Amino acid sequence: MRAKKADTKTYLGIPLYRPKVAFFEFSSCEGCQLQMVNNENTLLDFLSLVEVVNFREAMTERSDAYEIAFIEGSITRDDEVKRLKAIRKNAKVLVALGSCACFGGVNQLKNRFKNLEWVKKQVYGKHPIDTGAVRAVGDVVPVNLMIYGCPIKKEEVEKIVLDLALGKSIVVPQYPVCMECKANENICLFDLGEPCLGPITRAGCNSWCPNSGAGCWGCRGPAEDANVEYMKKIMKEKGFSEKTILERLDCFGGFKTK
Amino acid sequence: MIFRVFEKKELKNFFEVLTVHNRIVGPVEAGRDKKNNPIYSFTEVSDFNNIKLDYTTTKLPAKRYFLPFHEDLSTFRIDNGDWQKTIDYNANQPLIFFGLHPCDINALNKLDKVLLHSVYPMPYYAAKRKNMFIIGIDCVPQPFCFCRSMGSDTALHGFDMFITDLGAKFFVEILTDTAYNFLKNIKKEEPREKDHVLYMKAVSERNKKFTTKVDTTDLAKILDMEFQSEVWKQWGDKCLACGTCSNACPTCYCYGVEETVDIDLKGARKTKMLHSCNLIDFAEVAGGHNFRAERHSRLKYRYYHKHRGFVEAFEESLCVGCGRCGESCLSGIKVPEVIASVRGGKVK
Amino acid sequence: MKKTVNVNVKHLTRVEGHGNIHIKIRNGQLMEAQWEIIETPRFFEALLVGRHWDNAPWITGRICGICSIGHTLASIRAVENAFDIVPDEQTQKLRLLLKHMETLQSHSLHLCFLVLPDFMNAGSVFPLINSHGEIVAHAAKIKGLANEICDCVGGRRLHPTRTVVGGFTKLPSKQELSAFVQRLKNIVEDLMIVADLFSGFKIPDFARETEFVSLKGKDHYPFIGGDVVSSDGVQMREQDYKKLTNEYMVPHSTSKWCRLSRDSFAVGSLARLNNNFEFLHPVAKDIARRFNLIPINHNPFMNNIAQLVECVHVVMDSIRLIEELLNSKFTAPRQEVRPKSGVGVGAVEVPRGVLYHCYEFDSKGKIIKSDCVIPTGQNHANIQHDLEALAKEYAIRGEKDRDIELLASMLVRAYDPCISCSVH
Amino acid sequence: MKPELKFTDVISQQEKTQKRKNDLSSFEYTYRAEITSAYQLTDMETLYRLQIINPDERRRFTFIPGQFLMLEVPGIGEAPFSISSSPSIHGEVELCIRKAGNLTNYLSKIGRGAVVGIRGPFGTGFPMEEMHGQNILLIAGGLGLAPLRAPIAYVQENRSHFKEVNIIYGTKSPAHLLFTYQYDLWSKDDINLNIIVEKADPSWKGSVGMLTETLLKILTGRDDAFYSNTYAIVCGPPVMFKFVCSMLNKFHIPMQKMFVSLERRMHCGMGKCCRCNVGSTYTCLKGPVFDYWTVMNLKEAI
Ligand SMILES: Cc1cc2nc3c(=O)[nH]c(=O)nc-3n(C[C@H](O)[C@H](O)[C@H](O)COP(=O)(O)OP(=O)(O)OC[C@H]3O[C@@H](n4cnc5c(N)ncnc54)[C@H](O)[C@@H]3O)c2cc1C
Ligand code: SF4
Ligand code: SF4
Ligand code: SF4
């Protein structure tokens, strides 16, 4: 793609900003990066909007001359902190890509345990392995933009990147998933007796899970003005245990449960 | 108005005649809830047996057929720095609504006032509304509906024909010539005295079943007076600000507009999305100022729009009393209770 | 023989996760050939402890973005085995179909986007978009279809939303499914074009005798559950996975390593194919024969070809599955789940080899202990031994450092390692 | 008869029988307009002159001072802006736009020659003819001068119809002043121009303080006839007009003679999207120009 020095694209006569972008992964499943190449239909158009200069999962060439750095994954070790800080220095815009980067993701469930030694022993026995508490990218360096989701929704990333290239403001929905769920005319999970965090979780996934008849786990974190306390109360009234509610809320790290 | 009666089995024939050349939307069972009660929804149907004419109420109104959740208002072709705009009102085939309850018909009538008969009629709505053929049917009042209090338990216009169950037969009111012509395809007869008696009996039976009442006397004025009432704050604390009430409401029509550029940069579109006044950004303006930053002020606004502002503008409320918003609200915020609390000065 | 060789690859590219390669030869002596895993662990086994059973598939799916469907299915199988739930035929078929499409999507991604550049002298697939647009388009078509079917059956192409213990939360409509049949048939042609392309490549000529471990097919090429076999003659039930994997730690890796009858063994496409050749679909077998890939093949670079063969197999088998599903009457998507105390193991052949999940529950269905053994983890030791052998052999042939580096990288890549997954 | 519903194309049907106000097709009717000049007034504000491209449409397009239009850049956004030029010029409007967000920032990038879409004009205007023969106070704070510029132009062009005319204009600092190049012209037309800034800079020679102080000076010591024969047009941020209006009220200027322009979020301009409702009044239909009495009666207006 670097070979393709595509002539500068324009929109309504205004040249697009074709940013040099880099992808970096920290502690994660790398699924969000995979999502970036997962929309086969629009992939080429998408790639022509940016110049990928660093994408270890897909290419051998590397360069530090990037403007936008997409950071996938959470931060758990000192060497990761160092690497992240170096990236922050290079990047004009640092984007937290996916729930691990935004909130710590499922990885932060480790932080539930006070005793890290116990955690290590659970997995590695007596063998020494370096690990610390899981942190979101924003807890280590300033973040310019968050792209929520576990996994991220490709359509949303495409829109965000297109808007960046066009110079439009980036807007993410402030309202909750419930709004999208209704537009999709799903049967409400609560009618089916299942728990769902749709009413308090930030929309943008097009109610991915409820569309499948599965309750939302809040992977995109809280909606603006989410009434979490009352939601807990409702769930209790609907017969869900404290544990079920908590396990939903703390799963991806977006909701502060303590 | 012209009245007729016909044997029950004729309705199926009628459906079958209609389905040959038309798209039909009707109440069907979309699933079952955890107590195994059916959940109904309006969907396109081609088999008469799938239509559940004895449905209680649908979770969501038939809104997607006249006010879609998402709709492109216009599209643009972009080339050489210039643009061309195309408008499509997104209605290309007429639709038959088979079995709308009076409340839902009245909801359309109310929407007509603002979207059709006001200073700027909305063509997207008009194009769909003018291409509807509506077969109304009497409902069985549910414990949560209060349409009677809102004066929308019967529909006087806004449909093509309306049927009432008389036991062995259906009683039909024919409002339009289209309906009259369509009905030529089935066997029917003029109602006799005993049919009238049966009809009146059916009506009074139904009337007895309205249980929930809302006191609407002077409501617009009382709302005006109680603008600062404490009860709003209490309801606001419960509100999830999820927009479900608006989505479930047959008359909520507020929306937002977003413009997007196609990823290939060759086109763009302006899309309308139904919004809800309970959502945080409803009244937020550039620079971040929010005229209704608090949940309770937004919730209150929904009541003011429906029960006061609309009344001032059109001499009737924008609520038909279908009770859907209260039924789908997880917090259980129900119109009758909210209004009673405003009148009584406290939440029960 | 070359007297000195120095190869140092930091953060090997075009693989999932972080690994380094070091090769050092001094005075003709192999001093070091090391496959180093530096990925940060996420401690999934600990994350689950104390949580309710329904968390297991949802959370462990997040171990890996590429084979999240496989993880979810292995996790579900482990829970179901613990609770004595036997999925009905409909569920089994849908799961297998989903599994197949993940295999197709993962293999085609690996072959056409990650491996292909090595054979075409490119650093990534990006320049190939211009120079070899058609082949990239074929690949995108294959991968795209696989992804679409995953969306349809699993609700989402990664981190599926419909797969749950007991079955599915929602079934695809028959209409949706039937639309895929013809498209699957068409995709075989695209695969043939990819096969033609690969048949023109020179697959490095290298072999090292290896023990191959995979599930054992009874009457089908195996993907979900059943016994495990090795080409050295071991055969055990999935419950005994610990005896099959014998995990241990090495200092230069955050992933655990495994062994069975020898110092190391291999899992993955080549292992599956070596152990179950007879169950391949005839069309897939033809492709294998065309590449002279007949059991038992000890060239790890042939894993790429085995993946290609499997692509054809899963497409043909998916057509069968969909047709059978279309001819059956859909029943309730999901069985009721009654938790009970006990241990359950689920073994699933994911793209990179056999994956095990194991959980122990209390009587309320709370997870007391969990364990996952990842295919790439099982392969690490084998990669290491292959690297040593390769380094020696090519040093003897007097190859340049750069060529050895490329070959070593290609070797590791041929295993299609999923490193973050192996460390989890 | 075949029981088939025929599709009725409401829109074209309407067009045939048209000539009525309820022209359905006007809802989305967009004039294509060219930005003929873009003149930067301050760091944040630019004055755009737009000319409707089609000459027929240009003739048809008229507005009254105080009305706004919706400006659209396809794919980017659409937003309401007050028309900031003289109503006597047809088919050409000036908009004074502050960079505040998505669309307004984008506009600052597309310069002269670009084609944008405009819909409108919408809303109510200031009843200029009703004011004939009266004194006028034109009071603006900050960007409020933008909507005020149309009535100013009207007053200028019809100067003989008005008695005493005062412009009272306040901003944060001299750097924020809009339309500085026009001040001389306004004064020439016997309009008293009173400018006051909250914070002076070294070059500033004029008054410093709050706008209400200037207003107080102008209002104090007049005879009753002045108060009862004065109209006021007040544009600016809500806090400002709240203070100004209550001061005017103290001097017994009739509430129906005080006009303000309200700003709310808008997505349609035609009383449909509900985003601009104050209480339950559509700002876009009943406003943006309201008399002060009406504003007092609107819940949550200020
Ligand atoms: C009647 C009226 C007259 C106005 N006149 C002027 C003027 O003369 N000059 C000027 O600079 N500004 C004026 N404004 C404000 C102007 O509309 C906003 O600054 C503009 O909408 C910001 O759009 P944006 O896309 O840049 O901002 P964003 O914050 O990105 O807003 C996104 C969208 O929200 C809506 N929106 C946000 N803020 C407002 C707002 N204040 N009013 C209405 N809709 C809003 C619009 O639809 C906008 O496109 C006026 C507003 C109204 C209601
Ligand atoms: S399923 Fe969840 S998101 Fe959907 S309506 Fe119900 S609560 Fe809202
Ligand atoms: S529905 Fe909830 S859990 Fe599912 S993708 Fe959306 S935000 Fe995430
Ligand atoms: S406000 Fe509630 S009760 Fe009234 S019409 Fe809407 S949904 Fe029905």
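Residues numbered from 1 in each chain as written. Chains lettered and ligands numbered in written order. Predicted model: local features only at pLDDT ≥ 70, side-chain atom pairs only at ≥ 80, totals over all residues. Heavy atoms only, no water.

(A) Local environment of the overall build of chain D. On a plain count of helices and strands, chain D comes out with 10 helices and 13 strands. Each principal axis of the C-alpha atoms in chain D carries an extent, and together these give about 85 × 40 × 35 Å. Considering only intrachain contacts with a sequence separation of at least 6, the fraction spanning at least 24 residues in chain D is 68%. For chain D, the computed accessible surface area is about 12,700 Å², with 52% contributed by carbon and sulfur atoms. (Helix = DSSP H or I, 4+ residues; strand = E, 2+ residues; numbered from the N terminus. Contact = heavy atoms within 4.5 Å. Areas by Shrake-Rupley, 256 points an atom, 1.4 Å probe, with all protein chains shown as cover.)

(B) Focus on the overall build of chain C. Within chain C, the regular secondary structure consists of 14 helices and 12 strands. Taken against the 2.2 N^0.38 rule, which gives 22 Å for 424 residues, the C-alpha radius of gyration of chain C at 21 Å falls within 12% of a compact globule. Taken along the three principal axes of its C-alpha coordinates, chain C extends 65 × 45 × 35 Å. Buried residues in chain C amount to 68% of all 424 residues. Summarising the internal contacts of chain C: among those between residues at least 6 apart in sequence, 71% fall at separations of at least 24. Just so you have it, chain C exposes about 13,900 Å², and 50% of that area is on carbon and sulfur atoms. If the 50 positive side-chain charges of chain C are averaged to one point and the 48 negative ones to another, these points end up 3 Å apart. (Rg over C-alpha atoms; globule rule 2.2 N^0.38 Å. Buried < 20%, exposed > 50% of the residue type's maximum accessible area, 1.4 Å probe, protein only. Lys, Arg positive; Asp, Glu negative; His and termini not counted. Charge placed at Lys NZ, Arg CZ, Asp CG, Glu CD.)

(C) The arrangement of the sheet that holds strand β1 (residues 31-40) of chain D in detail. All names here are of chain D. Read from one edge of the open sheet, 6 strands run β4-β3-β6-β1-β2-β5, paired in antiparallel fashion. In this open sheet, the two strands that pair with only one neighbour each are β4 (77-82) and β5 (92-98). The sheet shows a mean angle of 35 degrees between the axes of neighbouring strands, direction not considered. (Pairing = 2+ DSSP bridges. Axes fitted to C-alpha atoms, helices over the stretch in contact; angles between N-to-C directions.)

(D) Representation of the site of ligand 4. Residue and element names in this part refer to chain B. Contacts to ligand 4 come from Phe146, Cys249, Pro250, Arg302, Lys306, Cys319, Val320, Gly321, Cys322, Gly323, Arg324 and Cys325. Of all the secondary structure elements, the ones that give two or more residues to the shell around ligand 4 are α9 (295-314) and α10 (324-328). For the shell around ligand 4, the class distribution of residues is 7 nonpolar, 2 polar and 3 charged. (Near = heavy atom within 4 Å. Nonpolar A, V, L, I, M, F, W, Y, C, P; charged D, E, K, R; others polar.)

(E) Fine view of helix α9 (residues 269-276) of chain C. Among the 8 residues of α9(C), 8 are classified as buried, and the element is accordingly described as predominantly covered. Buried within α9(C) we find C:Ser269, C:Leu270, C:Ala271, C:Arg272, C:Leu273, C:Asn274, C:Asn275 and C:Asn276.

(F) Geometry of the pattern of salt bridges. In this structure the tally under the stated criterion is 76 salt bridges over all chains. Members of the salt-bridge network, linked through shared partners, are C:Glu89, C:Lys93, C:Asp317, C:Arg320 and C:Glu324. (Salt bridge = Lys/Arg side-chain N within 4 Å of Asp/Glu carboxyl O.)

(G) Representation of the interface of chain B and chain A in the model. Taken residue by residue, the interface counts 46 residues in chain B and 38 residues in chain A. It is B:Ile263, B:Leu265 and B:Leu330 in chain B that bury the most area against chain A; as a group they hold 22% of the surface buried on that side. Run the count over chain B and chain A and you get 5 salt bridges. When the shortest N-O distance is used, the salt bridge between B:Arg295 and A:Asp225 registers 3.2 Å. At the surface where chain B touches chain A, the tally comes to 9 residue pairs in polar contact (both at pLDDT 80 or more). Listing elements by their share of the side of chain B that touches chain A, those giving two or more residues are β2 (23-32), β4 (70-79), β5 (82-86), α7 (230-238), α8 (244-248), β10 (255-261), β11 (267-274) and α9 of chain B. In terms of residues, the side of chain B that touches chain A owes the most to one element, β10(B), which gives 4 residues. When its residues are assigned to classes, the side of chain B that touches chain A shows 19 nonpolar, 11 polar and 16 charged. (Buried area = accessible area lost by both parts, 1.4 Å probe. Polar contact = N/O pair within 3.5 Å; in protein donor to acceptor, adjacent residues only side chain to side chain.)

(H) Up close: the side chain of A:Arg202. All names here are of chain A. Inspection of the secondary structure assignment puts Arg202 in the loop between α7 (177-183) and α8 (208-211). Overall, Arg202 belongs to the buried group, its relative accessible area being 8%. For Arg202, the residues in contact, after removing those within four places along its chain, are Tyr148, Val172, Pro173, Gln174, Tyr175, Pro176, Val177, Arg220, Gly221, Pro222, Ala223 and Glu224.

(I) Quick look at a nonpolar patch on the surface. A contiguous nonpolar patch, built from B:Met1, B:Phe3 and B:Leu175 and spanning about 260 Å² of accessible area, is present on the exposed surface. Owing to a relative accessible area of 51%, B:Met1 belongs among the exposed residues under this scheme. (Patch = residues over 30% accessible without salt bridge, like charges linked within 9 Å, V, L, I, M, F, W, Y side chains within 5 Å.)

(J) A look at the domain arrangement of chain D. Residue and element names in this part refer to chain D. If you check the domain split of chain D, you get domain 1 (27-122) and domain 2 (129-296). One C-alpha centre belongs to domain 1, the other to domain 2; they are set 22 Å apart. Residue-level contacts link 24 residues of domain 1 with 24 residues of domain 2. Counting the surface lost from both domain 1 and domain 2, the interface buries some 1,900 Å², and carbon and sulfur atoms represent 68% of this. (Domains from an automatic or database assignment.)

(K) Quick look at the interface of chain A and chain C. Contact with chain A, which involves 61 residues of that partner, is made by 67 residues of chain C. Here chain A meets chain C over a buried area of about 5,400 Å², counting both sides, of which 57% is carbon and sulfur. Here chain A is connected to chain C by 2 salt bridges. In this structure, the salt-bridge partner of A:Glu194 is C:Arg334, at a minimum N-O distance of 3.7 Å. Our enumeration of links across chain A and chain C arrives at 13 residue pairs in polar contact (both at pLDDT 80 or more). Tallying contributions element by element places helix α5 (residues 116-124) of chain A first for the side of chain A that touches chain C, with 6 residues. Of the residues that constitute the side of chain A that touches chain C, the class distribution is 28 nonpolar, 15 polar and 18 charged.

(L) Quick peek at the pairing of strand β9 (residues 169-174) of chain B. Residues and elements named next belong to chain B. Of all 6 residues making up β9, 6 are buried, and the element is well covered by its neighbours. Burial along β9 is two-sided: the residues Lys169, Phe171 and Glu173 and Phe170, Val172 and Ile174 are all buried. Relative to β9, strand β1 (residues 2-7) runs antiparallel, the two sharing 6 bridges. If you follow Arg4 over to β9, its bridge partner there is Val172. Direction of pairing for strand β8 (residues 161-165) relative to β9: antiparallel, over a ladder of 5 bridges. When the sheet's bridge partners are listed, Thr164 is paired in β9 with Phe171. Remark: 3 residues form the turn of the hairpin made by β8 and β9, two consecutive strands paired antiparallel; Gly167 in that turn has positive phi of roughly 105 degrees.

(M) Highlighting the nonpolar core. Core analysis: the biggest nonpolar cluster contains 207 residues, and A:Tyr11, C:Ile23, C:Phe198, D:Leu50, D:Leu71 and D:Val73 have the highest contact counts within it. Element by element, the count of residues in this core is highest for helix α4 (residues 89-119) of chain C, at 14 residues. With residues up to four places along the chain from it excluded, the contact list for D:Leu71 reads D:Leu50, D:Gly77, D:Glu78, D:Ala79, D:Phe81, D:Leu95, D:Ile97, D:Leu103, D:Leu107, D:Val116, D:Gly117 and D:Ile118. Core analysis: the second largest hydrophobic core is formed by 55 residues, B:Leu111, B:Tyr125, D:Met266 and D:Cys276 among them. (Core = buried A, V, L, I, M, F, W, Y, C linked by side-chain atoms within 4.5 Å.)

(N) Inspection of the site of ligand 2 at higher detail. Close contacts around ligand 2 come from A:Cys178, A:Cys181, A:Lys182, A:Cys188, A:Leu189, A:Phe190, A:Cys196, A:Gly198, A:Pro199 and B:Leu330, and that covers them all. Those residues lying near ligand 2 are distributed over chains A and B. Its residues placed into classes, the shell around ligand 2 shows 8 nonpolar, 1 polar and 1 charged.

(O) Quick peek at the arrangement of the chains. Looking at the 4 pairs of chains with contacts, the pair that accumulates the most is chains A and C. Separated throughout, chain B and chain C approach each other most closely at a C-alpha pair spaced 12 Å apart. Between chain C and chain D there is no contact, and the shortest C-alpha to C-alpha distance separating them is 28 Å.

(P) Inspection of the confidence of the model for chain C at higher detail. When pLDDT is averaged along chain C, the result is 89; 100% of the residues meet or exceed 70. Within chain C, helix α14 (residues 419-423) of chain C has the poorest average pLDDT of any element, 75, and strand β5 (residues 167-168) of chain C the best, 96. (pLDDT = per-residue confidence, 0-100.)

(Q) Layout of the sheet that holds strand β8 (residues 165-171) of chain D. All names here are of chain D. Ordered in space as β10-β9-β8-β7-β11-β12-β13, the 7 strands form an open sheet in which the pairing is mixed. A strand with exactly one partner marks an edge of an open sheet, and here the two such strands are β10 (207-208) and β13 (289-291). The pairing of β8 with strand β9 (residues 192-197) spans 6 bridges and is parallel. Pairing of Asn166 across the sheet is with Asn192, part of β9. Across the sheet, helix α4 (residues 145-157) touches β7 (135-141), β8 and β11 (230-235), and the angle it forms with β7 is around 155 degrees.

(R) Local environment of the side chain of A:Glu80. Looking at the secondary structure, you find A:Glu80 in helix α3 (residues 78-90). Among buried charged residues, A:Glu80 stands out as having no salt bridge; its nearest opposite-charge side chain is A:Arg83, 5.2 Å away. When sequence neighbours within four positions are dropped, the list of residues in contact with A:Glu80 reads A:Phe26, A:Ser27, A:Ser74, A:Ile75 and C:Thr40.

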